[in-house]
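So the chains spell out like this:
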Number of protein chains: 2
Amino acid sequence: MTRIPNCQGIVLLLLLLFSHIVSITLTLAFSVAVTANNGNTSKPNIIIMLMDDMGWGDLGVFGNPAMETPNLDRMAAEGMIFPNFYTANPLCSPSRAALLTGRLPIRNGFYTSNAHARNAYTPQYIVEGISNTEILLPKMLHKAGYVSKIVGKWHLGHRASFLPLKHGFHEWFGSPNCHFGPFNDLDRPNIPVYDGAQMVGRYYEEFPIDKKTGESNLTQLYLQHALEFINRQAVTGTPFFLYWAPDATHAPVYASRRFLGTSQRGIYGDAVRELDQAVGALLERLHSLDLHSNSLVFFTSDNGAALISGPKGGSNGPFLCGKETTFEGGMREPAIAWWPSHIPPGRVNHQLATVMDLFTTSLVLAGVTPPSSTPLDGIDLTPALLHTRTWDRCICAFVCLDGCFILMTRNSWQEFHQGINFCPAQEVHGVTTHNQTDHTQHPILFHLGRDPGEKYPIR
Amino acid sequence: MTRIPNCQGIVLLLLLLFSHIVSITLTLAFSVAVTANNGNTSKPNIIIMLMDDMGWGDLGVFGNPAMETPNLDRMAAEGMIFPNFYTANPLCSPSRAALLTGRLPIRNGFYTSNAHARNAYTPQYIVEGISNTEILLPKMLHKAGYVSKIVGKWHLGHRASFLPLKHGFHEWFGSPNCHFGPFNDLDRPNIPVYDGAQMVGRYYEEFPIDKKTGESNLTQLYLQHALEFINRQAVTGTPFFLYWAPDATHAPVYASRRFLGTSQRGIYGDAVRELDQAVGALLERLHSLDLHSNSLVFFTSDNGAALISGPKGGSNGPFLCGKETTFEGGMREPAIAWWPSHIPPGRVNHQLATVMDLFTTSLVLAGVTPPSSTPLDGIDLTPALLHTRTWDRCICAFVCLDGCFILMTRNSWQEFHQGINFCPAQEVHGVTTHNQTDHTQHPILFHLGRDPGEKYPIR
């Protein structure tokens, strides 16, 4: 992976998130007096729940007709939803890098000009990873005494120097990569699973995934490791950061046996139901340990649903295209913030926000001064979270140092004819494309308030 | 309008709602013990709120990113939502006829084989209307002593013999037709507005609509007439049926001055916000008059959002196409049932249901035996409403007496090239079409659980 000094080679261009959307704060379900800022907001526990390829339209509260997420819907009713919340890149690795560094991919290095991997995806055969010059969230939070654990997928490099414990996390249960496989163990071994610095097995071996039935108990393992960490922190009283990153909704999707066949949507829906129940169990544990009023929990996803999976994948609701495109379907994410007695319940906040803001917001809550050595792209969301405020803001998905913006569709005619379609049944004249076109002089602009589905370019 | 004995002339064919969707009842927001059937369910007041061209995806609770409907979202949290609720026809007149007769358009006469008006739309220049042989809901409810009022749009014929007071309603404030216009008053007068049997003015004259600004106070008038009726019934104690049918979300959309410019979505969103606030005011009035536990309120729409209006119209969320097509976007409707202390709060019920069921359900609640002279297509939904039950069911959008099913797209190449597009940016290969094709031998089938967007035909 190479850091790109500028983006002269990049040809597709779009002012993606330019529009400042009219900001209205509405009550979601109940008119409740603002109870923000009751009690101490100093050094709360921070839990970021990052789903994998789960789309905006997969949650009941965001309009999935299957309504498979009663626990997330309750979390929304008890907390605040952000309908205009964005990732920084519609692919796993750069999205996760942006969240943990608070910086755009073009700054943190998870970006290349190579057409195949220009989104800086880090599969098993890419040997690079997160730079040592990047300062990750757990490292910053440690300055305020936080203990940090990552449970689930890392995806910022699989070689020893790139792993989570080298970048500020104190604990890890999970894997450096996606659960692709099984591999033949000759030219390519199966993906390893770690507990701390120790490799404890591999997917399809010690950690089985039945690709025929879709059965795997991995979500239950990720739940148990998270619960066990919370239990321990409750005893010590040390503030903690839990980065919970299960990957059951990433293809090949999986669910535990008792969830298989329980949804309307096949294994994908079963996986959603299991993750939803795990979220419910985690919030319930915070309650039972009396940590709820001192724990900010933020639920979101790394990118939009992978429409290339067809009906076996997730839903981006009314939005255009999905994962691997910078249309709304790839970039807009479900987002719920929950912090009883601090975040007023039942609120909808239209503040434009991104995963990078979770970095800055966490530092503010922990009382840590952001690093001065590197520019940050995330901002402090506490006025929105604690005081239901909104303000004008201009953000963009990709920014190069000379100020250009990039549209990524990747759907070449060659891929399309091979059956790879990132926008199935969503060909919008003059918008979706199979050819790379330079839009520098004529960016495609949408009024996302009136046209969130990006069907009607306004220029 | 002619009753069609069979549908030999009809060429597009689809088993539309064949799939029985796996039924799961989930809590929406709060886990609340079932409190159904506390108290008397005999002769409750019945309020049906029927929106005009409002889509499934227009409500916050059904996933609109603008989240403009806090009152409807609260109604959902206090009541039960039906994500699999359908109209009987994706156009105003036949949909409304089906609701009020409990019968499919092909039975109640709101159907023709004429290509232009084959959906039996009754604009100003059509002189036919609802048949005298049809028995409408208010007429049946009168047998149990109900007093009935329609507020808003009728659309079942504008000549004297077809008007609401001739078909069982005791009171009416509203119009026989859409608020199209202004007309030139020479070959075509403006559409009249009635108060009871009395014509009290016309749209664009005594009841102004400013087509430039979108300003009209009609929704406020419809709200006031509904509130006044409820007030009167509260005094008399007589059970009542209120059919509240405002049309602000039908093009040309309008809103009162204080709502103009308040939404993210232009005048359409302003209209949604005003209707949402009116719903809130109506529910609040039921509470303040202590009628809430004796009033079933059902909120839905006559057909999907009119995508022909482009970004000036509503949203069908993740569903295909919209009004004037029998795809999910035209047929699936937002649906919320509310009846405190009878319908358990915060529930999602996946029961497959239709507007025609509101006829039969209302009769059951009123204790009226359904008419034996004509076959009904609606069924009793009280097991779903009061006991959160679901059951298998096969319904269809159009049924002819010889058992055929019809897909209606109406998007001929001619219309398409004229700029009329019922499925903008949603061309699905082998599904959407610009030619009438006979699918009798090979119906297009979808698994609506896995593929609610109808992108992947399973045969």
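Data block above holds the structure.
Since this is a predicted model, take the numbers as computed values, not measurements.

(A) Up close: the pattern of salt bridges. One pass over the structure, following the stated rule, counts 28 salt bridges over all chains. For Arg 107 of chain A, the salt bridge is made with Asp 377 of chain A, and the minimal N-O distance between the two is 2.8 Å. Taken as a pair, Arg 107 of chain A in helix H3 (residues 105-108) and Asp 377 of chain A in the loop between helix H8 (355-366) and helix H9 (382-387) lie far apart in primary sequence, 270 residues in all. Across the pair Asp 357 of chain B and Arg 393 of chain B runs a salt bridge whose closest N-O atoms are separated by 2.7 Å. Pair noted here: Asp 357 of chain B is in helix H8 (residues 355-366) and Arg 393 of chain B is in the loop between helix H9 (382-387) and helix H10 (413-417), with a separation of 36 residues, a long-range link. Classification of Asp 357 of chain B as buried rests on a relative accessible area of 0%. Salt bridges sharing partners connect three or more residues here, namely Asp 52, Arg 96, Lys 153 and Asp 302 of chain A.

(B) Region of interest: the environment of Cys 321 of chain B. Its location among the elements puts Cys 321 of chain B in the loop between strand E10 (295-301) and helix H7 (328-331). Residues within four places of Cys 321 of chain B in sequence aside, it is in contact with Leu 307, Asn 316, Phe 327, Gly 329, Gly 330, Phe 422, Cys 423, Gln 426 and Thr 432 of chain B.

(C) Geometry of helix H6 (residues 267-288) of chain B. For H6 of chain B, spanning 22 residues, the distance from its first C-alpha to its last is 31 Å, which sits close to the expected 32 Å at 1.5 Å a residue. Just beyond H6 of chain B, the residue with positive phi is Asp 290 of chain B, at close to 60°.

(D) Structural detail: the sheet that holds strand E14 (residues 353-354) of chain B. Residue and element names in this part refer to chain B. Spatial ordering of the open sheet is given by E11-E4-E14, a layout of three strands whose pairing is mixed. Both edges of this open sheet fall to strand E11 (332-333) and E14, since each of them pairs with a single strand only. Looking at chain direction, strand E4 (residues 85-86) and E11 are connected through two bridges and run antiparallel. In the strand pairing of E11, Phe 85 is matched with Glu 333.

(E) Main features of the packing of helix H5 (residues 218-236) of chain A against helix H6 (residues 267-288) of chain A. Residues and elements named next belong to chain A. Close contact between H5 and H6 brings their axes to 10 Å; oriented N to C, the two are set at 10°. Put simply, H5 runs roughly parallel to H6. Taken together, the residues of H6 that come into contact with H5 (itself represented by Thr 219, Gln 220, Leu 223, Ala 226, Leu 227, Ile 230 and Asn 231) are Glu 274, Leu 275, Ala 278, Ala 281, Leu 282, Arg 285 and Leu 286. Taken together, the residues of the contact of H5 with H6 sort by class into nine nonpolar, three polar and two charged.

(F) View of the state of the cysteines. All names here are of chain A. Per the counting criterion, the structure on display carries two disulfides over all chains. Put simply, Cys 321 and Cys 423 are joined by a disulfide, and their sulfur atoms are 1.9 Å apart. The chirality of the disulfide connecting Cys 321 with Cys 423 is right-handed, given an S-S dihedral of about 110°. With Cys 321 in the loop between strand E10 (295-301) and helix H7 (328-331) and Cys 423 in the segment after helix H10 (413-417), the pair connects residues that are 102 residues apart, well separated along the chain. You can see Cys 178 has no disulfide; the closest cysteine sulfur is in Cys 92, sitting 4.7 Å from it.

(G) The arrangement of the interface of chain A and chain B in detail. The interface of chain A with chain B comprises 54 residues on the first partner and 54 residues on the second. For the pairing of chain A and chain B, the buried interface totals around 4000 Å² over both sides, and the portion due to carbon and sulfur atoms is 64%. Broken down residue by residue, the surface that chain A buries against chain B is led by Pro 65, Met 67 and Gln 264 of chain A, which jointly contribute 18%. Seen at the junction of chain A and chain B, the total is zero salt bridges. If you look at where chain A meets chain B, you find six residue pairs in polar contact (both at pLDDT 80 or more). When contributions to the side of chain A that touches chain B are tallied by element, the ones reaching two or more residues are strand E1 (26-27) and helix H1 (70-78) of chain A.

(H) Spatial organisation of the side chain of Ser 95 of chain A. Residues and elements named next belong to chain A. You can see Ser 95 is positioned in helix H2 (residues 92-101). Classification of Ser 95 as buried rests on a relative accessible area of 1%. What Ser 95 contacts, discounting residues up to four positions off in sequence, is Thr 87, Asn 89, Asp 302 and Val 355.

(I) Examining the relation of the copies chain A and chain B more closely. In screw terms, the move from chain A to chain B is a rotation of 180° and a rise of 0.0 Å along the axis, fitting with an RMSD of 0.0 Å. Taken together, the rotation angle and the small translation identify this as a two-fold axis. Judged by C-alpha distance, Gly 63 of chain A is the residue of chain A that lies nearest the rotation axis, at 1.8 Å. The residues that chain A uses at the interface reappear at the interface of chain B in 100% of cases, marking a shared surface.

(J) Expanded view of the sheet that holds strand E4 (residues 85-86) of chain A. All names here are of chain A. The strand order across the open sheet built from three strands is E11-E4-E14, with neighbouring strands paired in mixed fashion. Of all strands in the sheet, those with a lone pairing partner are strand E11 (332-333) and strand E14 (353-354), marking the two edges. In terms of strand pairing, E4 meets E14 through two bridges, oriented parallel. Bridge assignment links Tyr 86 to a residue of E14, and that residue is Thr 354.

(K) Local environment of the environment of Ala 306 of chain B. All names here are of chain B. Take Ala 306: it is sitting in the loop between E10 and H7. Spatially, the C-alpha atoms of Ala 306 and Asp 53 are 6.1 Å apart, while their sequence positions differ by 253 residues. The contact partners of Ala 306, leaving out residues within four places of it in the chain, are Asp 53, Gly 313 and Lys 323.

(L) Region of the structure containing the pairing of strand E7 (residues 192-195) of chain B. Residues and elements named next belong to chain B. By the bridge criterion, two bridges tie strand E6 (residues 171-175) to E7 in an arrangement that is antiparallel. For Gly 174, the partnering residue across the bridge sits in E7 and is Tyr 194. Bridge count for E7 against strand E8 (residues 198-202) is four bridges, and the pairing is antiparallel. Following the sheet pairing, Val 193 is matched in E8 by Gly 201.

(M) Structural context of the packing of helix H2 (residues 92-101) of chain B against H8 of chain B. All names here are of chain B. Following both chains from N to C, one finds H2 and H8 inclined at 20°, their axes separated by 6 Å at the closest point. By the angle between their directions, the pair H2 and H8 is classed as roughly parallel. Between H2 and H8 the crossing geometry is right-handed. Within the contact between the two elements, H2 uses Ser 95, Ala 98, Leu 99, Leu 100 and Thr 101 and H8 uses Val 355, Met 356, Leu 358 and Phe 359.

(N) Layout of the environment of Phe 110 of chain A. Residue and element names in this part refer to chain A. Structurally, Phe 110 is set in the loop between H3 and helix H4 (137-142). For Phe 110, a relative accessible area of 0% corresponds to the buried category. Put simply, Phe 110 and Asn 316 are 206 residues apart on the chain and 24 Å apart in space, counted from C-alpha to C-alpha.

(O) Structural context of the packing of aromatic side chains. All names here are of chain A. This model, assessed by the stated rule, comprises 24 aromatic pairs over all chains. Look at Trp 154 and Phe 169: their rings are 6.1 Å apart centre to centre, the planes differ by 90°, and that puts the pair in the edge-to-face class. In this pair, Trp 154 sits in the loop between strand E5 (147-153) and strand E6 (171-175) while Phe 169 sits in the loop between E5 and E6, placing the two residues 15 residues apart along the sequence. Note on accessibility: Trp 154 and Phe 169 belong to one class, buried. Members of the aromatic cluster, connected to one another through ring pairs, are Trp 154, Phe 169, Phe 241 and Tyr 243. Between the NZ or CZ atom of Arg 188 and the centre of the ring of Phe 183, over which it lies, the distance is 5.2 Å.

About the thresholds
- Residues numbered from 1 in each chain as written.
- Chains lettered and ligands numbered in written order.
- Predicted model: local features only at pLDDT ≥ 70, side-chain atom pairs only at ≥ 80, totals over all residues.
- Heavy atoms only, no water.
- Salt bridge = Lys/Arg side-chain N within 4 Å of Asp/Glu carboxyl O.
- Helix = DSSP H or I, 4+ residues; strand = E, 2+ residues; numbered from the N terminus.
- Buried < 20%, exposed > 50% of the residue type's maximum accessible area, 1.4 Å probe, protein only.
- Contact = heavy atoms within 4.5 Å.
- Expected span 1.5 Å × (residues − 1).
- Pairing = 2+ DSSP bridges.
- Axes fitted to C-alpha atoms, helices over the stretch in contact; angles between N-to-C directions.
- Parallel < 35°, antiparallel > 145°, perpendicular 65-115°, else oblique.
- Nonpolar A, V, L, I, M, F, W, Y, C, P; charged D, E, K, R; others polar.
- Disulfide = S-S within 2.5 Å.
- Buried area = accessible area lost by both parts, 1.4 Å probe.
- Polar contact = N/O pair within 3.5 Å; in protein donor to acceptor, adjacent residues only side chain to side chain.
- Least-squares fit on C-alpha atoms with pLDDT ≥ 70 in both.
- Left-handed = near helix turned anticlockwise from the far one by under 90°.
- Phe/Tyr/Trp six-rings, centres within 6.5 Å; stacked < 30°, edge-to-face > 60°.
- Lys NZ or Arg CZ within 6 Å of the ring centre and 35° of its normal.

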